[in-house]
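# Results of the structural survey
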Amino acid sequence: MTIALRGGTVVTADGEVRADVLVDGGVVSAIGPSLRGDAELDATGCHVLPGFVDLHTHLREPGREEAETIATGSRAGALGGYTALVAMPNTDPAQDSVTTVEFVRSQGRAAGLVDVLPSGCITAGRRGERLAPLADLAAAGVTLFTDDGNGVQDASLMRRALLVARDLGVVLAQHCEVSSLTAGAVMDECACSGELGLPGWPAVAEELMVQRDIDLVRDTGGRIHFLHLSTARSVALVRAAKAEGLAVTAEVAPHHLLLDHGALRSFDPVFKVNPPLRSPADAAALREGVRDGTIDAVATDHAPHPAWNKEVPLDEASPGMLGLHAALGVVGAALSPSPMDVARMMSSAPARIAGLSPRHGSLPAVGGAANLCVADLSARWTGGDRPTGSRSANDPWVGVPLVGAVRHTVFGGRATVVDGEVQQ
Amino acid sequence: MRHVLGIGEIGLERAEAILALVPRMAEVRSRSVPKVAALRGRTVAMLFLEDSTRTRLSFDAAARALSADTMTFTASTSSMKKGESLRDTVETISALGPNALVVRHRTSGVPWQVAAWTEAAVVNAGDGAHEHPTQALLDAHTIREALATESLSGVRVGIVGDIRHSRVARSNVRLLRMLGASVVLVAPSPLQPPGVEGWGVDASSSLDDVIGGLDVLYLLRVQAERITGGAAPDAGEYARRFGLDHARVRRLRPGAIVMHPGPVNPGVESSVDLSRLPQSVVGRQVANGVPVRMAVLLDALAGAGAGMEEE
Ligand SMILES: [Zn+2]
């Protein structure tokens, strides 16, 4: 069964090439003019990109299947052009055992729409008290460890984790939040929170941990990835650390690029997210950080929640918003990126950080893995007009003008999305 | 039918219209049969998920004085089940067909959320640290009454206490500025709200610096955990810096008044008995609660033309 992607512009290592792409089995078998296949997908007006890789997806299974399952989250991912999702470990049970990690991976295989790559916890139960079995988890194929949802508060524990991770050749990913500064917070601490009388999450709560971990990386020779950076000062700290040559990478979530804390004036808990939406100046600094490469990757922090956890007072509402289905459109609207930039920030950089190259994140090439995203990067659409794929409805993009839409997704040589529709 | 959410939404014109109704409402209350038919056949539902007996009884009395039927849902009676969302609760109550929903909640924004889920007029009876518009309206009425002036321009109001966590402060700042008063917020910096410099008011961390220039000294209720949570090591130090005592009473301008939204924490906001202090208008604030809430309900449900004839 071969698939020909016809009439598109292929983003290759040699630049953009107007060509068809032939997929045969799991690999790209030809790139050139007038290729025919058993199935043919129209790529006219589209770019053929490497399939997107999300470093930060909450799939909720096991434990919170009413919000999302690995199957529904995979569907949302495929619709967004993703072929690999790193599954965050704040499941129930948490992904701190080989059993749970294997379960997540096998559910991903059963869904068959993307590669589901379970992350592992840094600490047992994400409780921040003692290390999880990092070596056992690494032996089971885990390449990225995080307590996401919690930052590792204890500096001594974090220091030991960095040393162990260095031994194992895996990366630690930190959710930067000094929790003593954020108790009860529902939004950015800012003039808006003062006006609305809502408890604030100050920027310094993130920046203190970014600074601490940069210092620990210098101290240990370890390596760290910063999840969902949200403040201008965090970007500046990472920029300085990189200039120093430290092994530091960073991601930003689409919502922090395009939304700001003013959204909370609606009191709509769909805009409650952790870390919170920040100021327009922070969003501008994050966009600049992506453009100059300080921030390596865009990662969705896709965080589905059922209505009964969102149609409640803000302090009771669960933090998080959907992201997979609209990430490309948000990146397009926020950054007007070149096709090569899209490939870098949404595929090759995240694949490199999570250790997924070359199966993921490689620019289309003959002989390479057939994990591809075919997208019209100039398509204008309005959030809410396309299906999210998710089981949940906490979509912050309803009514927002977006730029860039996924037409087809090819995963492992199979078309998982054709003309914006999931192929089960 | 229209919502009464925050002072900003109400605006100056409507606030003045509500305040203009208050003397007529007070007159109704003084009748031998203190009741008019204005809202007969209407139902006012109280959704008080944060306990506040005083405010709830005040709204209840106001609704009954206008001949509305009332029903009450509190955190204990509404039996919010685990897994039942606020929206479920609101839709259940709305199905009973109330014309107005008076909402009190410990969390900012809840009345705005509720307004999206009900056909009823939503009246904000206090949300989190955000707004308490009926308190601000009754305070404005009390100030006009006590200072015997319609215009508040040139009037200097000092609000003292936990501004950061106070809905009374926020609604009062908005309404008092709208009415022309100038405001100074007095609190230790941890209890000043972020962004206060954009509020069009002055901020001070010293009551002694500002007390001599005030026409109105408005003491907020302060919760003990907020004091030890950042304002001062204990209530004693807070009282020494920000509490009203006899020495500070002597520094008040002639004609200045002292206010408090109640209930007072004795010895914290004031070591002087506010029920006996000549400058205190705390009793007037309490007395104005029902007529102001009658005016608000009338404005929300009937408009100013409603019948004032006796029942
Ligand atoms: Zn996180």
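Just above, that's the structure.
The text that follows walks through the structure, step by step, so that each part is easy to find.

### Points about the overall build of chain B
Summing up its helical and strand segments, chain B has eleven helices and nine strands in all. For 311 residues, the compact-globule formula gives about 19 Å, and the C-alpha radius of gyration of chain B, at 19 Å, lands near that figure. When the backbone C-alpha atoms are referred to their principal axes, chain B occupies close to 55 × 45 × 35 Å. Put simply, 74% of the contacts in chain B that link residues at least 6 apart link residues at least 24 apart. When the accessible area of chain B is evaluated, it comes to approximately 12100 Å², of which 49% is carbon and sulfur surface.

### Describing the pairing of strand β2 (residues 9-12) of chain A
Regular strands place their side chains on alternate faces of the sheet. Residue and element names in this part refer to chain A. Side chains of β2 alternate between two faces, with T9 and V11 and V10 and T12 buried alike. The pairing of β2 with strand β7 (residues 47-50) spans two bridges and is parallel. Each residue of the ladder has a partner; that of T9, found in β7, is H47. The hairpin turn running from β2 into strand β3 (residues 15-18), its antiparallel successor, is two residues long.

### Details of the environment of R159 of chain A
All names here are of chain A. Its location among the elements puts R159 in helix α4 (residues 155-168). For R159, a relative accessible area of 40% gives the class partly exposed. Between the C-alpha atoms of R159 and D219, which are 60 residues apart in sequence, the distance is 8.5 Å. Beyond its immediate sequence surroundings of up to four residues, R159 is in contact with L216, D219 and T220.

### So, the coordination of the zinc ion
Residues and elements named next belong to chain A. Those protein atoms acting as donors to the zinc ion are D148 (OD), H175 (ND1) and H228 (NE2), and they sit at 1.9 to 2.2 Å. For the zinc ion, the donor residues sit on a single chain with the sequence spacing D-x26-H-x52-H. Of the two residues, D148 sits in the loop between β11 (144-146) and α4 while H175 sits in the loop between β12 (171-174) and β13 (187-188), which places them 27 residues apart along the sequence. Taking the relative accessible area as the measure of exposure, D148 reaches 2% and is therefore buried.

### Concerning the nonpolar core
Counting residues in each nonpolar core, the largest one holds 91 residues, and the members touching the most others are I159 and L217 of chain B. Residue contributions to this core peak at ten residues, all from helix α11 (residues 282-301) of chain B. There are two domains that each give this core at least three residues, and those are domain 1 (7-131 + 287-301) and domain 2 (133-284) of chain B. Those residues in contact with L217 of chain B, other than ones at most four positions away along the chain, are G158, V160, L207, I211, L244, L252, I257, V258 and M259 of chain B. Of all hydrophobic cores here, the second largest spans 66 residues; its members include I70, L237, A241 and L335 of chain A.

### As for the side chain of D115 of chain A
Residue and element names in this part refer to chain A. If you trace the backbone, D115 turns up in strand β10 (residues 115-118). You can call D115 buried: its relative accessible area is 19%. Excluding residues within four positions of it along the chain, D115 makes contact with T83, A84, L85, R359, H360 and F411.

### Description of the packing of aromatic side chains
Residue and element names in this part refer to chain A. In total, this model carries three aromatic pairs over all chains according to the counting rule given. Seen in terms of ring centroids, F52 and Y82 are 5.6 Å apart; in terms of plane orientation they differ by 70°. Their pairing is edge-to-face. With a gap of 30 residues between them, F52 in strand β8 (residues 52-57) and Y82 in strand β9 (residues 82-87) connect regions that are remote in the sequence. Accessibility classification places F52 together with Y82 in one group, the buried group.

### Here's the deal with the side chain of H225 of chain A
Residues and elements named next belong to chain A. Within the element layout of this structure, H225 appears in strand β15 (residues 224-226). A relative accessible area of 0% places H225 in the buried class. The residues contacting H225, other than those within four sequence positions of it, are L55, V171, L172, A173, Q174, T249, A250, E251 and I353.

### Brief notes about the environment of G7 of chain A
Residue and element names in this part refer to chain A. Checked against the element boundaries, G7 lands in the loop between β1 (2-6) and β2. Put simply, G7 and L35 are 28 residues apart on the chain and 9.6 Å apart in space, counted from C-alpha to C-alpha. Among residues more than four places away in sequence, those in contact with G7 are R18, D20, A43, T44 and G45.

### Topic: the interface of chain A and chain B
By convention, interface size is frequently given as the accessible area that disappears when the constituent parts associate. Counting from both sides, the interface comprises 18 residues of chain A and, opposite them, 22 residues of chain B. Summed over the three residues of chain A that lose the most area to chain B, namely F267, E311 and P313 of chain A, the buried surface amounts to 35% of that side. Here chain A and chain B share four salt bridges between them. For the salt bridge of E189 of chain A with R164 of chain B, the shortest nitrogen-to-oxygen distance reads 3.1 Å. Remark: the boundary between chain A and chain B carries eleven residue pairs in polar contact (both at pLDDT 80 or more). Taken together, the residues that form the side of chain A that touches chain B break down as ten nonpolar, three polar and five charged.

How each quantity is defined
Residues numbered from 1 in each chain as written. Chains lettered and ligands numbered in written order. Predicted model: local features only at pLDDT ≥ 70, side-chain atom pairs only at ≥ 80, totals over all residues. Heavy atoms only, no water. Helix = DSSP H or I, 4+ residues; strand = E, 2+ residues; numbered from the N terminus. Rg over C-alpha atoms; globule rule 2.2 N^0.38 Å. Contact = heavy atoms within 4.5 Å. Areas by Shrake-Rupley, 256 points an atom, 1.4 Å probe, with all protein chains shown as cover. Buried < 20%, exposed > 50% of the residue type's maximum accessible area, 1.4 Å probe, protein only. Pairing = 2+ DSSP bridges. Donors = N, O, S within 2.8 Å, 3.2 Å for Na, K, Ca; no water. Core = buried A, V, L, I, M, F, W, Y, C linked by side-chain atoms within 4.5 Å. Domains from an automatic or database assignment. Phe/Tyr/Trp six-rings, centres within 6.5 Å; stacked < 30°, edge-to-face > 60°. Buried area = accessible area lost by both parts, 1.4 Å probe. Salt bridge = Lys/Arg side-chain N within 4 Å of Asp/Glu carboxyl O. Polar contact = N/O pair within 3.5 Å; in protein donor to acceptor, adjacent residues only side chain to side chain. Nonpolar A, V, L, I, M, F, W, Y, C, P; charged D, E, K, R; others polar.

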